[in-house]
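An overview of the molecular structure
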Amino acid sequence: NAGVTQTPKFQVLKTGQSMTLQCAQDMNHEYMSWYRQDPGMGLRLIHYSVGAGITDQGEVPNGYNVSRSTTEDFPLRLLSAAPSQTSVYFCASSSRTENSPLHFGNGTRLTVT
Amino acid sequence: AQSVAQPEDQVNVAEGNPLTVKCTYSVSGNPYLFWYVQYPNRGLQFLLKYITGDNLVKGSYGFEAEFNKSQTSFHLKKPSALVSDSALYFCAVRPQGYSSASKIIFGSGTRLSIRP
C-alpha cells in the first residue's frame, strides 16, 4: 500500500525556471492538498481539491498552479521559481468524512537559487 | 480568529519519564482534534484523534491525549518516553460542519527530545 507518493524528493532550480511537483495517492481519496513547511511558519495550505476537476486556493497560492484531472493525481506547478519558494512541500489526502485524518507524502525539498 | 497554540517550541524529557506536549485551541463549536508526528525527512503521520466520547484517547506508539472541553485543550501524553519518540509533533483542529479538510488548522509544532 503506497499511500501518498511525491516526486522528486529533492530539486534545485534557478530563479525563473518552472517545474512540476508530482503527487499521487492510491487510497481513492476525494480530498487532496498541497502544503509548504518553513521553519517557524508551520504548515501553510497552498491549494486544495475536493475531487477531480475541482480545485481552490489555500492560504498562500501565489506563484503556484494546480489541476486535478484524475482522482489519483494532484500536481503542483511552479510557474517562475523565486527564492521565496525555497521550502519543503507536502502533498496530503483524505476521505470526505469530516473526522478523517490527512495522509501525507514524504515531501519534496525545493531550493531556488 | 480561529487558532491552535502549541506553547512550547521544544520539550526535553529523560527516557522512561512521562511526557506531555501541550495544545490549546480557539475554535467555535465542537471541533475534531488530531495529533500528528513528523520524523526527520518524512511527512506527517497521524497519531490519534478525538471525535466524541471518552476524554482520554489512545493512539499509535503508546501515545494518548487528554481532551478538556472547559480548558479547550488537547494535550498529548505518554507514560514512559522512548528515545525513538524524539520528533516534531503537530496538533491540528478541524471545525465540524466542513466537508473540505481545507479548514484544518495546524499548530506551529513542538520538538520533542528524549535523552537517554
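Up top is the structure.
These notes cover the structure that comes with them. All values derive from a computational prediction rather than experimental measurement. (Residues numbered from 1 in each chain as written. Chains lettered and ligands numbered in written order. Predicted model: local features only at pLDDT ≥ 70, side-chain atom pairs only at ≥ 80, totals over all residues. Heavy atoms only, no water.)

**Quick notes on the pattern of salt bridges**
Residues and elements named next belong to chain A. In this structure the tally under the stated criterion is five salt bridges over all chains. A salt bridge links Asp-38 to Arg-36, with the shortest nitrogen-to-oxygen separation between them at 2.8 Å. Residue Asp-38 is joined to Arg-44 by a salt bridge in which the shortest nitrogen-to-oxygen separation is 2.9 Å. Each of Arg-36, Asp-38 and Arg-44 takes part in a single network of salt bridges with overlapping partners. (Salt bridge = Lys/Arg side-chain N within 4 Å of Asp/Glu carboxyl O.)

**What about the sheet that holds strand β1 (residues 4–7) of chain A?**
All names here are of chain A. The antiparallel open sheet is built from four strands, whose spatial order is β1-β3-β8-β7. Each end of this open sheet is capped by a strand with a single partner; those strands are β1 and β7 (64–66). For this sheet, the mean angle separating the axes of adjacent strands, direction not counted, is 20°. (Pairing = 2+ DSSP bridges. Helix = DSSP H or I, 4+ residues; strand = E, 2+ residues; numbered from the N terminus. Axes fitted to C-alpha atoms, helices over the stretch in contact; angles between N-to-C directions.)

**Examining the interface of chain A and chain B**
Contacts between the two partners involve 21 residues from chain A and, on the opposite side, 24 residues from chain B. Both faces combined, the contact of chain A with chain B buries some 1800 Å², and carbon together with sulfur accounts for 55% of it. Counting the contacts that link chain A with chain B gives zero salt bridges. Remark: the boundary between chain A and chain B carries six residue pairs in polar contact (both at pLDDT 80 or more). Listed by contribution, the elements that provide at least two residues to the side of chain A that touches chain B are β4 (31–38), β5 (42–51) and β9 (87–94) of chain A. Looking at the side of chain A that touches chain B residue by residue, the classes come out as 10 nonpolar, eight polar and three charged. (Contact = heavy atoms within 4.5 Å. Buried area = accessible area lost by both parts, 1.4 Å probe. Polar contact = N/O pair within 3.5 Å; in protein donor to acceptor, adjacent residues only side chain to side chain. Nonpolar A, V, L, I, M, F, W, Y, C, P; charged D, E, K, R; others polar.)

**A short note on the packing of aromatic side chains**
In this structure the tally under the stated criterion is 13 aromatic pairs over all chains. Through a chain of ring-to-ring contacts, three or more aromatic side chains come together here, namely A:Tyr35, A:Phe104, B:Phe34, B:Tyr36, B:Phe46 and B:Phe106. (Phe/Tyr/Trp six-rings, centres within 6.5 Å; stacked < 30°, edge-to-face > 60°.)

**Overview of the pairing of strand β9 (residues 73–78) of chain B**
Residue and element names in this part refer to chain B. Burial analysis of β9 places five of its six residues in the buried class, which makes it a mostly covered element. Examined bridge by bridge, strand β3 (residues 19–21) and β9 share three bridges and lie antiparallel to one another. Opposite Val-21, over in β9, you have Leu-76 as the bridge partner. One ladder, built from five bridges, connects strand β8 (residues 64–68) with β9; its direction is antiparallel. Across the sheet, residue Asn-68 finds its bridge partner in β9, namely Ser-73. Count of turn residues in the β8/β9 antiparallel hairpin: four residues, of which Thr-72 carries a positive phi of about 45°. (Buried < 20%, exposed > 50% of the residue type's maximum accessible area, 1.4 Å probe, protein only.)

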